[in-house]
Amino acid sequence: MDTLLTAEIAANSPRYRRRSSTFIDGVHDVPDEKNSPMAPAQLYSTMSGRLFHSGRIAIVLVGLPARGKTHISVSLCRYLQWLGVKTRVFHLGDYRRATMGPGAEVPDDYFFINASAASVMLRQKILKRCREDIYGWLNHENGQVAIYDAVNPLANGRRSLAKEFAKHDVQTLFLESYVTDDKILQENARSVKISSPDFIGMDPDDAARLYLKRIDMKIPYFETMEETDLNYVKMINAGERISYNNVSFGYLSHRIVFYLMNLHIKSRHTFFARAGTSSQEDSYKLDAHLSEEGADYAKKMSETLLRHREAERAALIAEGGSDAPLKPLIVWTSTRKRTVETAEYLKNKDFKIRQRSQMSQLNPGVCEKLSENAIRRIYPEEVQLHEKDPYHHRYPRAESYHDLAVRLEPIILELEREQNDLLIIAHESVLRVLYGYLMACDAMSIPALKFPRNEIIEIIPASYQNEAKRIVIPDVEPSIIPGSPEDIKIPVAPSGFVSPMSGSGIGTPAEPITNTFTLSPLSKEIFTPSKALNGTAKDSNSDSTPSSPPRKPENPLSRD
């Protein structure tokens, strides 16, 4: 038997062993430990693969439907994986769908407490398969945290589950999402009926009625967590209040509680945009102002984003969705002049701007003023180390992407805490790390992500995973579009000058683009390309001729 999933479930459940593109959240992917043995923010490794001296933990979700259990479990899994804790979510609903097969009808009384004998036997079969995979993963694949996403409505059942895990030397932490706010329930129900696999292809009204019927049938039998003999955390109204009992088995459990204090289950969108180009050669030490091209870009980017949000709301209303006003848009920038001035257009329209010093770009260290040839000549050993591991390697007195990921942890927690729509304007290195967190990219993929200036990247939250799409900014000056190279193999022209690769097709986080690429600025298409992460780039001796005077190659470590 497959120690991760039975053969039948692996064949029928697309949420496991799925190789995602970088425009689909990789939180359910099997990690590639050969190419990326360390997680992006992992501080150390052990022979057993388990961290923080915490042993094996089963986190058991508790709560009625539409309480955000799946969102909480997936978000917690993403954060723990980011820290290097081997974590996997086991959604009981996935096992039900896989066991019954595609197109099979769920028995009418399957979700009822007083179900028929046939439905009870089917439930037990599904539970057995799910728990076998949990034990197989913990025992044979060195898993540390298994998140069991199910309703678990009765106190006696929860006590039995804790005893069962204890027999396998697994500690149990129950996590309940308890909601009394009708607004939160309605928002969650709308989100679930759209994103849950149970309702694919169904009429939205029929899906909503079926979903509410399931909830109504469970409510009379549900018992909230009050067992004093169990370890549990209770999140009330999407993080409005948190209480916990007996959480006393080590650092990792308290780290989990700390993360949950920053988490909420309310839906909001996150946008990533590059800062505009500077008026002179940009460097880490020189904090230059925006150029004219940079100011023009900032205006076009802002106008495109505002039009996109209004168009999305109009489309939602046309489909029968809520006509509620747009959520407020908050803008985060670093403290550098270019990023602050890129947000000026939105500031003048009374949007709230917040500066974050942790969001400064990578420090290039002593190599900042050196050309690529000079770096290769003076530091040949460092160049070899960097080419082997561009994520963890740092040049003398410089930062690595790993250093940046650790530095950005307070930003990540605040990102989870933010309940309004969010625009992040930052250097490309910062966007790579934050995008890597939200989309669960492995460490070795992060340095290769590309963010051309003619695109805004939108992160769309859903219960099972995040998805991303790109919003094209029209009429951006071609010379400032290309993303920067991930390492020192490709020199890049100084900020504000025409790039020798302006037509080379350097790509987005997901897929290469070309200079003939055309797409509506308000396109709603979700991209799931099968191509590699990197866009293809021409050699710097290509036919494209810069319009600016020749200059010596800029050190790529201080890339714009």
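Keep in mind that this is a model prediction, so the values were computed, not measured.

Asks: Tell me about the overall build of the chain, residues and numbers included.
Replies: If you tally the helices and strands in the chain, you get 16 helices and twelve strands. Per-residue burial for the chain yields a buried fraction of 55% across its 560 residues. Contacts in the chain between residues at least 24 apart in sequence constitute 73% of all its contacts with a sequence separation of at least 6.

Asks: So what about the sheet that holds strand E6 (residues 241-245)? Which residues, and what values?
Replies: Ordered by their spatial adjacency, six strands build an open sheet running E2-E3-E1-E4-E5-E6, and the pairing between neighbours is mixed. Strands at the two margins of the open sheet, each flanked by one partner only, are strand E2 (87-91) and E6. Between one strand axis and the next, the sheet turns through 15° on average, direction left out of account. Two elements, strand E5 (residues 232-236) and E6, share five bridges in a ladder whose sense is antiparallel. Note on E6: the bridge partner recorded for Tyr232 is Asn245. Its contacts with the sheet place helix H3 (residues 92-100) against E2 and strand E3 (145-149), and it is angled at close to 55° to E2.

Asks: Can you tell me about the sheet that holds strand E8 (residues 329-333), naming the residues and giving the values?
Replies: Ordered in space as E9-E8-E10-E7-E11-E12, the six strands form an open sheet in which the pairing is mixed. Both edges of this open sheet fall to strand E9 (352-355) and strand E12 (467-472), since each of them pairs with a single strand only. The sheet shows a mean angle of 25° between the axes of neighbouring strands, taken without regard to direction. Relative to E12, strand E11 (residues 455-460) runs antiparallel, the two being bridged by six bridges. Across the sheet, Glu458 pairs through a bridge with Lys469, a residue of E12. Of the strands in this sheet, strand E7 (270-274), E8, strand E10 (421-426), E11 and E12 are in contact with helix H9 (residues 292-318), which crosses E7 at around 160°. Here helix H16 (residues 428-438) sits on the sheet and contacts E7, E10, E11 and E12; the angle it forms with E7, its principal contact strand, is near 155°.

Asks: Can you lay out H9 for me, pointing to particular residues and giving the numbers?
Replies: In a regular helix each residue adds 1.5 Å, so 27 residues correspond to 39 Å; H9 covers 39 Å between its end C-alpha atoms and thus fits that length. All of the buried residues along H9 are Gly294, Tyr297, Ala298, Met301, Ser302, Thr304, Leu305, Leu306, His308, Arg309 and Ala315.

Asks: Can you explain the pairing of E10? Please cite residues and give values.
Replies: In the case of a regular strand, side chains alternate between the two sheet surfaces. Counting buried residues along E10, six of its six residues qualify, which places the element largely inside the surrounding structure. The two faces of E10 match: Asp421, Leu423 and Ile425 on one face and Leu422, Ile424 and Ala426 on the other face are all buried. Where E7 meets E10, five bridges bridge the pair, whose relative direction is parallel. In the strand pairing of E10, Arg274 is matched with Ala426.

Asks: Any details on the packing of helix H4 (residues 117-140) against helix H5 (residues 155-167)? Residues and values, ideally.
Replies: It is at 12 Å that the axes of H4 and H5 come closest, and there the two elements cross at 35°. Where H4 crosses over H5, the handedness of that crossing is right-handed. Each of Arg131, Ile134 and Tyr135 in H4 lies in contact with H5, whose residues at this interface are Leu161, Glu164 and Phe165. Of the residues assigned to the contact of H4 with H5, the class counts are four nonpolar, no polar and two charged.

Asks: Describe the pairing of E12, and please don't skip the residues or the numbers.
Replies: Most of E12 sits out of view: five of its six residues are buried. The turn joining E11 and E12, which pair antiparallel and follow one another in sequence, is formed by six residues.

Asks: Pulling in residues and values, what's your account of the environment of Ala275?
Replies: In this fold, Ala275 is placed in the loop between E7 and H9. Look past the residues within four positions of Ala275 in its chain and what remains in contact with it is Tyr297, Arg338, Thr339, Thr342, Ile425, Ala426 and Arg453.

Asks: Residues and numbers for H16, please.
Replies: In terms of burial, H16 is a largely internal element, eleven of the eleven residues being buried. Among the residues of H16, those classed as buried are Glu428, Ser429, Val430, Leu431, Arg432, Val433, Leu434, Tyr435, Gly436, Tyr437 and Leu438. At the exit of H16 stands Ala440, carrying a positive phi of roughly 55°.

Asks: I'd like a rundown of the nonpolar core, residues and numbers included.
Replies: If you look at the biggest cluster of nonpolar residues, it comprises 70 residues, and the most contacted ones within it are Ile59, Trp82, Leu175, Leu260, Phe272, Ile424 and Tyr435. If you tally residues by element for this core, the top one is helix H2 (residues 69-83), at eight residues.

Asks: Before we move on, could you go through the side chain of Asn152 and cite the residues and values that matter?
Replies: Tracing the chain through its elements places Asn152 in the loop between E3 and H5. Since its relative accessible area comes to 13%, Asn152 is described here as buried. A distance of 2.7 Å separates a polar side-chain atom of Asn152 from the backbone oxygen of Leu61.

Asks: Lay out unusual backbone geometry in plain terms, naming residues and giving numbers.
Replies: A positive phi angle, near 60°, is found at Asn142, a position not held by glycine. Positionally, Asn142 belongs in the loop between H4 and E3. Judged by relative accessible area, Asn142 falls into the partly exposed class, the value being 33%. Of note, the phi angle at Arg397 is positive, near 60°, even though the residue is not glycine. One can find Arg397 in the loop between helix H13 (380-388) and helix H14 (401-407).

What counts as what
- For every chain, the first residue of the written sequence is number 1, and numbering continues from 1 onward in sequence order.
- Local features are withheld for residues below a pLDDT of 70 in this predicted model, meaning they are given only at 70 or higher, and side-chain atom pairs are given and counted only at 80 or more; totals for whole chains, interfaces and linings count all residues.
- By convention in this description, side-chain values take in all heavy atoms of the structure and omit both hydrogens and water.
- The secondary structure listing takes helices from DSSP runs of H or I that are at least 4 residues long and strands from runs of E that are at least 2 residues long, numbered from the N terminus.
- Type-normalised accessible area, obtained with a 1.4 Å probe on protein chains alone, sets the label of each residue: buried when under 20%, exposed when over 50%, and partly exposed for intermediate values.
- Contacts between residues were defined by any pair of non-hydrogen atoms, one from each residue, lying within 4.5 Å.
- By definition, two strands form a pair when at least two bridges between them are found by DSSP.
- Lines fitted to C-alpha atoms define the axes here, with helix axes fitted over just the stretch in contact, and angles between the N-to-C directions of these axes take values from 0 to 180 degrees.
- A helix is expected to span 1.5 Å multiplied by its residue count minus one.
- Two helices that cross are described as forming a left-handed crossing if the nearer one is turned anticlockwise from the farther one by less than a right angle, and a right-handed crossing if clockwise.
- Classification convention: Asp, Glu, Lys, Arg as charged; Ala, Val, Leu, Ile, Met, Phe, Trp, Tyr, Cys, Pro as nonpolar; all other residues, Gly among them, as polar.
- Definition of nonpolar core: a set of buried residues of the types Ala, Val, Leu, Ile, Met, Phe, Trp, Tyr and Cys, connected through side-chain atoms within 4.5 Å.
- Two N or O atoms count as a polar contact when they lie within 3.5 Å, although within protein this holds only if one can serve as hydrogen donor and the other as acceptor, and sequence-adjacent residues are included solely when both atoms are side-chain atoms.

By themselves these figures say nothing about function.
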